Amino acid sequence: MLIQQLINGLILGSTYALIALGYTMVYGIIELINFAHGEIYMCGAFVGLILVTVAKVPFIPAFLLAMAAGALLGITVEYLAYRPLRQSSRLAALISAIGASIFLSNLALLIMGAKPYTFPSPIESKVYKNSFFVISRVEIIVLVSSVLLMIALTFFVQKTKIGKAMRATAQDRDTASLMGININRIITITFAIGSALGAAAGVMVGVYFRTVTPTMGLMPGLKGFVAAVIGGIGNIPGAMFGGIALGIAEVMGAAYISSQYRDAVAFALLIIVLLFKPAGLLGTNAQEKV
Amino acid sequence: MIGPYYLQLLILIGINTIMATSLNLILGYTGQLSIGHAAFMSLGAYGSALVTLHFGFPFLPSLLCGALLAALFGVIIGLPTLRLKGDYLAIATLGLGEIVRIVFLNLEITGGAVGLRGIPKKTTLLWVVLAVLFTVFILNRIIRSRIGRAFIAIREDETAADSMGINSTYYKTLCFGVGAFFAGLGGGLLAHYMRYLHPNSFGFMRSIEHLCMVVLGGLGNMWGAFIGATILTVTPELLRTVADLRLLIYGAVLVLMMRVRPQGLLGQPLRNGIPLLGRFFQQARPKL
Amino acid sequence: MKIRKSALFVAAAVILCLVLVMTIAGCTPEDKNVLKIGMVGPLTGGTAEYGIKALRGIEIAVEEANASGELGEITLKVISEDTEGDWSKAANAFTKLIDVDKVDVIVGAVLSSETEAGAPIVKDSKMPTISPTSTAEDLTKDNPYLFRNCLTDKVQVELLVDYAVEELGLGKFAILYVNNDYGVSLKDSFEAKAKKMAEVVAVESFEDKTVAFQDRLDKIKRKDPDCIFIGGYYEEAAKIAQQAKERDLDVQILGADGLTNEALIEIGEEAVEGTYATSGFFPDEPTPEVQNFVTVYKEKHDEIPDMFAAQAYDAARIVIETIKNQGVTLEDIENGTASALIREGIAATKDFPGISGKTSLDEEGEAIKNAFILKVEGGKFILAKSPVDN
């Protein structure tokens, strides 16, 4: 059973990891907690759903289009809610982010209504068993896709020129701009990629759990954020690690301690990490300059 | 005489004023990004309600017990999270707020998922007005004293304050404790007015409401907290006819306000013409 | 500290305006022939579905009554107030209906926590209130103004356990319940009865709107049950059924009235075949009242009504019948004595032929009803067991 629960945690964790990546990329570059990220995740799921059910688009193109839609939404939110506040205080940006989140989730509620929508299954359900654990085909796909996306992202950030520009901007924005990097463009690209990943997570969760609702972004958004912090916010491998760690911790906690306090486990883990290693488990401690 | 509906509204305005001013102490004056304030409210609410129900205490001692319980947690929460700054503190307080809510949802003594019923009605408009005056008076005294100046110093530049000999650990813990105390007071008043409690009303959204009240009125501004509380208590009631658009408008207003008037409606308080909120609410990053 | 005088002015002006608007908004002209029915429930927010369905049920009943003229000169009007699913806003809603809208009776609230918040208010204001869907235990106790016509958890659960043990031959129960008042109440009743008649091997809980049950199901699987009782709603139940099958936990699924909605089959597909669930309402019941309601609802809202709508319809019908039986007149509405008469009438409800079953109300305001047991077969709900007559 231990192995089974580990697998459960791994799969749950990979969805958290994808969401966490979006948060961490944005924070790394403009030091803002993008509260609206959970709503972008939800929007990705809905766009995917509509494309597959109404427009009868086959699954993989629908998935990519949903990612594109998420990217577009992310860019719009950045432009309207965050960019004008770049010179303002952190608190103002935080509140603006919260406002954007509330606006988007209620817009979705208004448009789609509160009832749950069913996501049709794109592939035939099949279950693989062995003596240690059981895993379904969908779960394998979720896991593999997440890993592929994460590898693609890491490659992009480490090996491409834009990736280098992103890392430079995250490190020191002013110097980067002095070096000739178009900051606005880089920030837009960062938001686009982070949001696309969030939307991808949304579609995958929609397929995996077969339901899409306008309020589905709230808890996963919070948990994805917690995952990003646990791994070390602003740190891409950290987000992946944090997501998996959170997924496993949550499932293990529910399995071996108590299932009632399951959500509390996530937040408790957050507090513990913040207390002992605030930069996150994979983060580096940046000294505050006086 | 005022009808029951308007009376209820006034009482809620009063309670929310207490919530907003107590958060203002932590957020506006000491600059600590606390977004789990509703947890203190619920601690005070449940604390005082349980004391009334199980020990039969009269009203004032019950309120006091609830407020002290909240203050205790304020200190407990304040101490370990002291090392965290800015966004990290925000997340930590958010997480702690959720933990409190989840624990209350599962404990038998708080009624768990069914809620706590049968609390006697003891809160009246008079009590609320007295409580508001008490809160404002005490907080005002604190702000004008050495303690208040220490808070402001910490808000402006904690490192500088430390090097000037201000024990930031002590003062930050103090601000959390005091802010939580009054939040607990507000919670106790709510409990004895509603006569029923359920943890789901004390979650993240409620903390955000308190945050918005403070920001709307103006950080570090006592009157501002009152204005913010009034507007955000009354407006949802007024907008009942467009209820499904309400939260939409709420979100949009938040975004717009931060763009157009981030210092809140009443802006910053001035002393001798000099803005009291220095660097904190102005620029986040000095220009090159 | 010196605040800019102008800012203070602005603030005062804003407050003054708000107060003015409030008072003006409160002044609606009184309609003389109208008896106002208030409705409290979540019309926005995550639980909006339940409130909206309940409101629809009430509106259909009211429209029918007005159209048929059965109340003579009296016209009915529904005034609804949103709670957003928050009990503290529910308190505001109740007070507004009573004090500002001046309703004569309230059908509501929907969620148990909302009704709990309203209970002391309606008691103090002597406003007869009947909730169509709040199932929390002892909700109406010691409150002569609060009633409810929904199927109680205890009744349906006991029926289900009896059926499961005696007709289905099950003996090792696993319970998976949602951690809110509905689920907790179901779990308590089910566990108590199941322990008396057979064995309870596992009890696990989940939060509202959970989507991933794999790990809980794995835990349950270890205990080797022969069935799982789901104390929750159809959305989660469908997923539980699916994930249980995937996890090789292919056991009988049982549920309460929260499962009996078409969406269970829509979402769950083959996984929910063979599920048994209790219900207060069976949309395929061949009686003319039920079919009439289903037809009207389907025409208006393009879906088959579920128990929320049906029980709300019945609650409104109980009020309408009461108005007739008590001989409420226009004078009563005018001088405010209608409410007292309505309260008397509701309290005396006996063998009311509702579309959600024959309903009587006892001295505590609790509903005495019987339940159907439905089964999912061939992709739809069929009747497995009819309610036994009292």
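Novice: Looking at this structure, I do not really get the overall build of chain B. What am I missing?
Specialist: When its secondary structure is counted, chain B shows 11 helices and 4 strands. The C-alpha radius of gyration of chain B comes to 19 Å, within 12% of the 19 Å expected for a compact globule of 288 residues. A principal-axis box enclosing the C-alpha atoms of chain B has dimensions of 60 × 40 × 35 Å. Out of the 288 residues belonging to chain B, those deemed buried represent 59%. Contacts in chain B between residues far apart in sequence, at least 24 positions, make up 79% of those at least 6 positions apart.

Novice: Looking at this model, I keep getting lost on the overall build of chain C. Mind explaining?
Specialist: Each helix and strand counted, chain C has 13 helices and 15 strands in total. Taken along its principal axes, the extent of the C-alpha atoms in chain C is 70 × 65 × 40 Å. Here the contacts in chain C between residues at least 6 apart in sequence split such that 68% fall between residues at least 24 apart.

Novice: So what exactly am I meant to see when it comes to the pairing of strand β7 (residues 199-206) of chain C here?
Specialist: Note that strand β6 (residues 172-178) of chain C and β7 of chain C share 7 bridges and pair parallel. Within the sheet, the bridge partner assigned to Leu176 of chain C lies in β7 of chain C and is Glu204 of chain C.

Novice: Got a minute to help me understand the packing of helix α1 (residues 4-29) of chain B against helix α9 (residues 204-217) of chain B in this structure?
Specialist: If you want to describe how two helices pack, look at the angle between their axes and the distance between the axes. Residue and element names in this part refer to chain B. Close contact between α1 and α9 brings their axes to 9 Å; oriented N to C, the two are set at 75°. Looking at the two axes, α1 sits roughly perpendicular to α9. Contacts between α1 and α9 pair Asn16, Met19, Ala20, Leu23, Asn24, Leu27 and Gly28 from the former with His210, Leu211, Met213, Val214 and Gly217 from the latter. Partitioning the contact of α1 with α9 into residue classes produces 7 nonpolar, 5 polar and no charged.

Novice: Explain the sheet that holds strand β5 (residues 146-148) of chain C to me, please; I cannot follow it from the model alone.
Specialist: Strands pair in a sheet through their backbones, by hydrogen bonds, and they do so in one of two ways: parallel or antiparallel. All names here are of chain C. In space, the 5 strands of this open sheet follow the order β2-β1-β3-β4-β5, with parallel pairing throughout. Each end of this open sheet is capped by a strand with a single partner; those strands are β2 (75-82) and β5. The mean angle between the axes of side-by-side strands here comes to 25°, regardless of whether they run parallel or antiparallel. In this sheet, strand β4 (residues 129-131) lies alongside strand β3 (residues 105-108) in parallel orientation, the contact comprising 2 bridges.

Novice: How should I be thinking about the sheet that holds strand β13 (residues 367-368) of chain C in this particular structure?
Specialist: A sheet is described by the order of its strands in space; here 3 strands give the open sequence β11-β12-β13 (chain C), paired in antiparallel fashion. A strand with exactly one partner marks an edge of an open sheet, and here the two such strands are β11 (352-354) and β13 of chain C.

Novice: Is there a simple way to think about the interface of chain B and chain A in this case?
Specialist: Accessible area lost during the coming together of the parts is what is often quoted as the interface size. The partner chain A presents 36 residues to the 37 residues of chain B that form the contact. Secondary-structure elements contributing two or more residues to the side of chain B that touches chain A are α4 (86-106), α9 and α11 (243-260) of chain B. Top contributing element to the side of chain B that touches chain A by residue count: α4 of chain B, with 13 residues.

Novice: Would you mind going over the nonpolar core with me for this structure?
Specialist: Nonpolar side chains tend toward joint burial in soluble globular proteins. Judged by nonpolar contacts, the single largest core of 332 residues is most densely connected at Leu270 of chain A together with Ala316 and Val319 of chain C. Of all the elements, helix α8 (residues 183-209) of chain A adds the most residues to this core, at 17 residues. Structurally, this core is a two-domain feature, drawing no fewer than three residues from each of domain 1 (34-150 + 286-369) and domain 2 (153-279) of chain C. If we ignore the near neighbours within four places in the chain, the residues touching Ala316 of chain C are Ile37, Gly57, Ile58, Ala61, Val62 and Val107 of chain C.

Novice: Before we go on, may I ask you to explain helix α13 (residues 338-347) of chain C in this structure?
Specialist: Note that an α-helix has 3.6 residues per turn; residues three or four places apart therefore point the same way. Within α13 of chain C, 7 of the 10 residues are buried, which leaves the element mostly enclosed by the surrounding structure. What α13 of chain C keeps buried is the set Ala338, Ser339, Leu341, Ile342, Arg343, Gly345 and Ile346 of chain C.

Novice: Mind showing me how you'd approach the environment of Phe134 of chain B here?
Specialist: When you line up the elements, Phe134 of chain B lands in helix α5 (residues 125-144). For Phe134 of chain B and Phe182 of chain B, which are 48 residues apart along the polypeptide, the C-alpha to C-alpha distance reads 9.7 Å.

Novice: Please explain the confidence of the model for chain C as it appears in this structure.
Specialist: Interpreting fine coordinate detail is not advised for predicted regions of low pLDDT. Residues and elements named next belong to chain C. For chain C, mean pLDDT is 85; residues scoring 70 or higher make up 91% of the total. β4 holds the highest mean pLDDT among the elements of chain C, 94, whereas helix α1 (residues 5-26) holds the lowest, 59. Interface confidence for the predicted complex, given as ipTM, is 0.84, next to a pTM of 0.85.

Novice: What is the right way to look at the packing of helix α1 (residues 2-30) of chain A against helix α9 (residues 218-231) of chain A in this model?
Specialist: Residues and elements named next belong to chain A. Relative to each other, α1 and α9 sit at 70°, their axes nearing to 8 Å. Judged on the interaxial angle alone, α9 and α1 are roughly perpendicular. Residues Tyr16, Ala17, Ile19, Ala20, Tyr23 and Thr24 of α1 touch α9, and the partners they reach there are Pro220, Gly221, Lys223, Gly224, Phe225, Ala227, Ala228 and Gly231. Looking at the contact of α1 with α9, its residues break down into 9 nonpolar, 4 polar and 1 charged.

Novice: Please clarify how the confidence of the model for chain B should be interpreted in this entry.
Specialist: Residue and element names in this part refer to chain B. When pLDDT is averaged across chain B, the result is 84; 92% of the residues are at 70 or more. The lowest-confidence element of chain B is strand β4 (residues 274-275), averaging 47 in pLDDT; the highest-confidence one is helix α2 (residues 37-55), averaging 94. For the stretch residues 281-288, pLDDT sits under 50, and the model shows 10 contacts to residues farther than four places along the chain or on other chains.

Novice: Is there a simple way to think about the domain arrangement of chain C in this case?
Specialist: Residue and element names in this part refer to chain C. Along its sequence, chain C is carved into domain 1 (34-150 + 286-369) and domain 2 (153-279). Using only C-alpha atoms to locate each centre, domain 1 and domain 2 end up separated by 30 Å. Across the contact, 9 residues belong to domain 1 and 10 residues belong to domain 2. Residues that form the side of domain 1 that touches domain 2 fall into these classes: 3 nonpolar, 3 polar and 3 charged.

Novice: Can you walk me through the environment of Lys36 of chain C in this structure?
Specialist: Residue and element names in this part refer to chain C. With respect to the helices, strands and loops of the structure, Lys36 is situated in strand β1 (residues 34-41). Taking the C-alpha atoms as reference points, Lys36 and Asp104, separated by 68 residues in sequence, lie 5.5 Å from one another. In contact with Lys36, other than residues within four places in its own chain, are Lys77, Ile79, Asp101, Lys102, Val103 and Asp104.

Novice: Sorry if this is basic, but what is going on with the pairing of β2 of chain C here?
Specialist: Moving residue by residue along a regular strand, the side chains alternate between the two faces of the sheet. All names here are of chain C. The pairing of β1 with β2 spans 8 bridges and is classified as parallel. Across the sheet, Gly41 pairs through a bridge with Asp82, a residue of β2. Traced from β1 through helix α2 (residues 48-68) to β2, the parallel crossover comes out right-handed.

Novice: Hey, could you run me through unusual backbone geometry in this one?
Specialist: Excluding glycine, most residues fall at negative phi; most peptide bonds, likewise, are trans. Residue and element names in this part refer to chain C. In this structure, Ala109 follows Gly108 across a cis peptide bond, with omega equal to -5°. Residue placement: Ala109 occurs in the loop between β3 and α4 (112-125). We note that Asp224 has phi near 55°; this positive angle belongs to a residue other than glycine. Topologically, Asp224 is positioned in the loop between α7 (214-222) and β8 (227-231). A count of 12 C-beta atoms within 10 Å places Asp224 in the exposed class. Unlike most non-glycine residues, Asp302 shows phi in positive territory, near 60°. Considering the arrangement of structural elements, one finds Asp302 in the loop between α10 (288-301) and α11 (307-325).

Novice: Help me understand the environment of Ala108 of chain A, please; the structure alone is not making it clear to me.
Specialist: Residues and elements named next belong to chain A. Along the chain, Ala108 falls in helix α4 (residues 90-112). In sequence terms Ala108 and Thr215 are 107 residues apart; their C-alpha atoms lie 8.4 Å from each other. When sequence neighbours within four positions are dropped, the list of residues in contact with Ala108 reads Met42, Phe46 and Pro214.

About the criteria used
- Residues numbered from 1 in each chain as written.
- Chains lettered and ligands numbered in written order.
- Predicted model: local features only at pLDDT ≥ 70, side-chain atom pairs only at ≥ 80, totals over all residues.
- Helix = DSSP H or I, 4+ residues; strand = E, 2+ residues; numbered from the N terminus.
- Rg over C-alpha atoms; globule rule 2.2 N^0.38 Å.
- Buried ≥ 20, exposed ≤ 12 C-beta atoms within 10 Å, placed from the backbone.
- Contact = placed C-beta atoms within 7 Å.
- Pairing = 2+ DSSP bridges.
- Axes fitted to C-alpha atoms, helices over the stretch in contact; angles between N-to-C directions.
- Parallel < 35°, antiparallel > 145°, perpendicular 65-115°, else oblique.
- Nonpolar A, V, L, I, M, F, W, Y, C, P; charged D, E, K, R; others polar.
- Core = buried A, V, L, I, M, F, W, Y, C linked by C-beta atoms within 7 Å.
- Domains from an automatic or database assignment.
- pLDDT = per-residue confidence, 0-100.
- Right-handed = clockwise from strand over helix to strand, strands pointing away.

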